[in-house]
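# Structural overview for review
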Amino acid sequence: MRLPESDHELFERLRAGEEQAFVALYHRRMPAIYRFALQMGGSASVAEDVTQEVFLALLRDGCGYEPERGTLVAYLFGIARKLLLRQFERRRSDLGLDGGSEPAGASEPADPFDALADLAVRERIEALRRAVSSLPRRYREVVVLCDLEEVDYAEAAAALGCPIGTVRSRLHRARLLLAEKLREERRGREPVPAWKAARCEI
Amino acid sequence: MNCEEYWGETAGQEPGEPWAAHLARCPACAARWAADGSVAEGLRALAADTKNVSAPARVEANLVRAYRQRYGQPVSPSLGIHRWWAAAAAVLLAAAALWTGVRQPRRVSPGAMPAVATAAAAEEDEAGFIPLPNAAGGLDDDDVDLVRVELPRSAVTALGAGPGDDSDAGTVEAEVLLGPDGMARAVRFLN
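In this report, we go over the structure that sits alongside the text. Note on numbering: residues in each chain are counted from 1, in written sequence order. Just so you know, chain letters begin at A and ligand numbers begin at 1, following the order they were written in. Only residues with pLDDT of at least 70 are given local features in this predicted model, and only at 80 or more are side-chain atom pairs given and counted; all residues enter the totals for whole chains, interfaces and linings.

### Side note on the overall build of chain B
- When its secondary structure is counted, chain B shows 7 helices and 4 strands.
- Strands are runs of DSSP state E lasting at least two residues, helices are runs of H or I lasting at least four, and both sets are numbered from the N terminus onward. Counting from the amino terminus, chain B carries its helices and strands in the arrangement α-α-α-α-α-α-β-β-α-β-β.
- Each residue is classified by how many other C-beta atoms fall within 10 Å of its C-beta atom, where C-beta atoms are placed from the backbone; a count of 20 or more means buried, 12 or fewer means exposed, and values in between mean partly exposed. When each of the 191 residues of chain B is scored for burial, the buried share is 28%.
- Throughout, a pair of residues is in contact if the C-beta atoms placed from their backbones lie within 7 Å. A fraction of 66% describes how many contacts in chain B between residues 6 or more apart in sequence connect residues 24 or more apart.

### Here's the deal with the sheet that holds strand β2 (residues 145-152) of chain B
All names here are of chain B.
- Taken together, 4 strands build an open sheet; the order of strands is β1-β4-β3-β2 and the sheet is antiparallel. Since the sheet does not close on itself, it has two edges, and those belong to β1 (130-131) and β2, each with one partner.
- If DSSP finds at least two bridges between two strands, the strands pair. The pairing of β1 with strand β4 (residues 184-189) spans 2 bridges and is antiparallel. The residue of β4 that forms the bridge with Pro131 is Ala186.

### Quick look at helix α7 (residues 153-160) of chain A
- Along α7 of chain A, the residues that are buried comprise Glu155, Ala156, Ala157, Ala158 and Ala159 of chain A.
- Residue Gly161 of chain A follows α7 of chain A closely and has a positive phi angle near 70°.

### A few points about the environment of Val151 of chain A
Residue and element names in this part refer to chain A.
- Relative to the helices and strands, Val151 resides in the loop between α6 (137-148) and α7.
- Judged by the 23 C-beta atoms lying within 10 Å of it, Val151 falls in the buried class.
- Ignoring anything within four residues of it in the chain, the contact list for Val151 reads Val73, Phe77, Leu145, Cys146 and Ala156.

### Observations regarding the nonpolar core
- In these notes, a nonpolar core means any group of buried Ala, Val, Leu, Ile, Met, Phe, Trp, Tyr and Cys residues linked to one another through C-beta atoms within 7 Å. Counting 59 residues, the largest nonpolar core has Ile33, Phe36, Ala37, Leu76, Phe77, Ala80 and Leu145 of chain A as its most contacted members.
- In terms of residue count, helix α2 (residues 19-41) of chain A provides more of this core than any other element does, 13 residues in total.
- Residue contacts for Phe36 of chain A: discarding those within four places in its chain leaves Phe77, Ala80, Val144, Leu145 and Glu149 of chain A.
- Counting 17 residues, the second-largest nonpolar core is a separate cluster that includes Leu132, Leu151, Leu178 and Ala186 of chain B.

### Some thoughts on the interface of chain B and chain A
- At the junction of the two partners, chain B supplies 34 residues and chain A supplies 38 residues.
- Contributions of two or more residues to the side of chain B that touches chain A are made by α3 (27-49) and α4 (57-71) of chain B.
- Here the element with the most residues in the side of chain B that touches chain A is α3 of chain B; it accounts for 10 residues.
- For this classification, Asp, Glu, Lys and Arg are treated as charged, while Ala, Val, Leu, Ile, Met, Phe, Trp, Tyr, Cys and Pro are nonpolar and the rest, including Gly, are polar. Of the residues contributing to the side of chain B that touches chain A, the split by class is 20 nonpolar, 9 polar and 5 charged.

### Remarks on the packing of helix α3 (residues 44-57) of chain A against α4 of chain B
- The geometry of α3 of chain A relative to α4 of chain B is characterised by a closest axis approach of 10 Å and an angle of 25° between their N-to-C directions. Relative to α4 of chain B, the element α3 of chain A is oriented roughly parallel. For the crossing formed where α3 of chain A meets α4 of chain B, the hand is right-handed. Contacts between α3 of chain A and α4 of chain B involve Glu48, Thr51, Gln52, Phe55 and Leu56 of chain A on the former and, on the latter, Val59, Asn62, Leu63 and Ala66 of chain B.
- Class assignment of the residues belonging to the contact of α3 of chain A with α4 of chain B gives a composition of 5 nonpolar, 3 polar and 1 charged. Think of each axis as a best-fit line through the C-alpha atoms, taken over the contacting stretch in the case of a helix, with angles from 0 to 180 degrees between the N-to-C directions. These descriptions rest on fixed angle ranges, namely under 35 degrees for roughly parallel, over 145 for roughly antiparallel, 65 to 115 for roughly perpendicular, and the rest for oblique. Note: crossing handedness is left-handed where the near helix turns anticlockwise from the far helix by less than a right angle, and right-handed where it turns clockwise.

### Details of the packing of helix α1 (residues 7-15) of chain A against α2 of chain A
All names here are of chain A.
- Close contact between α1 and α2 brings their axes to 7 Å; oriented N to C, the two are set at 145°. As α1 packs across α2, the resulting crossing turns out to be left-handed. Facing α1, whose interface residues are Asp7, Leu10, Phe11, Arg13 and Leu14, α2 presents Ala21, Phe22, Ala24 and Leu25.
- Grouping the amino acids of the contact of α1 with α2 by side-chain chemistry returns 7 nonpolar, no polar and 2 charged.

### A short note on the environment of Ala184 of chain B
Residue and element names in this part refer to chain B.
- Mapping Ala184 onto the fold places it in strand β4.
- Since 22 C-beta atoms lie within 10 Å of it, Ala184 is described here as buried.
- Between the C-alpha atoms of Ala184 and Leu146, which are 38 residues apart in sequence, the distance is 9.6 Å.

In C-alpha cells form, the structure reads like this:
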C-alpha cells in the first residue's frame, strides 16, 4: 500500500508544475488555515482573503518555506498569522467572531426529543466561542492552534515564532482566562433579584 | 511549593503525582482544576462543531487560476474518483442548460458549430466562466463548488457549444461551477 504523500513532497511537485499536487495540498491544509483565520480574523471575508493569500504565497519565487526550519503546516500557519497581524494593524482592534453566521458544520438535532439537550450544548458552545473571541490575541492564537486545530506544540511554536515553553504557558493562561470568562458569563445570566412590588398612587 | 508554583509546573503538561496530592488537599485548586477540565471539554466540542467549516469553492477556483497563470496548464490533469458522480451530474445539467439557452432556430452546417461558442464566450467572466442561461444566482455572491470534468468532444459540439474545434475526436476538459443547490451555474472549457 502506498503511503499518502507528505506535505513536502506535494510542495516539491507543485513547484515542478503539477497542478494536481497544488490542489491536493490545498484540500489537505485549507480547512485548518481557513478556520484559524476565521477564529482570529472574525469574519468570513477576512478568512477567505487570508486563505487565498497563504496558498498564493506557495507559488511565489523565494516563498520562504525552508523544510529544515519547520514543517509546511507551521509555515502556512505562520503566513496566515502574519497576514492577520497586518489586518489587525490596519484595523487597530481585534474583532469578534461572526456572531450571526452559523458555521457550516453546525448540525441540527437528529431527534426532536433531544432538542433541549442540544440547545444547552449549543449555548455552551456559543458561550465558549464568545469567550475565545474575546481573549487577547496572543492567547487566542494558541487556543485556536493547539486546542481547536490540534496543531502540536512544536509546530505551533514554529508558526508563532516563539519557544515551546511560551506556547505551553500561554495555553495554560488562556484556559484559565476562558474558565474565568465562562464563570462571569454564567454569573451574568443568573436572574436579577425581583423588584419589590409597589402600588402606584398617582 | 505554593499553589501558583504548582500551576506553573503543570502548564500544558500531564500532571504528576505531587500535583495530584496537592489537588487532594487544596479545594481551591481542585475547583480551578475542574473548571480547567470543563474548558478543555468545551474546546473539544467547539472544535467538533466547526470541523466542517471550510473556504468557499471560489477560493480554490481563484487559486487554480493563479496557479495556471504561474505554471501554465496542468501537467497531469485528473479528477478525484470520489467526485466523478458529481461531475457527471454537473455536466448533464450544464449541457442541458446550454442547450435550452443557446439553441436558435437556424440551419447549421457541420463546420459552423463554433459560432455559438463564440457568442457564449463573449459573455464569459474574467475567469473564463460562461454563465449558463437560466441559472439562478451569481458566481461570486454565494457558495459555489468547482468540479472538473472531461466530456467527449462530440457531445459538446453536438450542443453547438464548446471550444472552436471542428474535430469530434477526443475529449474536452471543462470546469463547472455548481451552486449550493447543486445546479450548474457556469462552465469553462479548458482546452
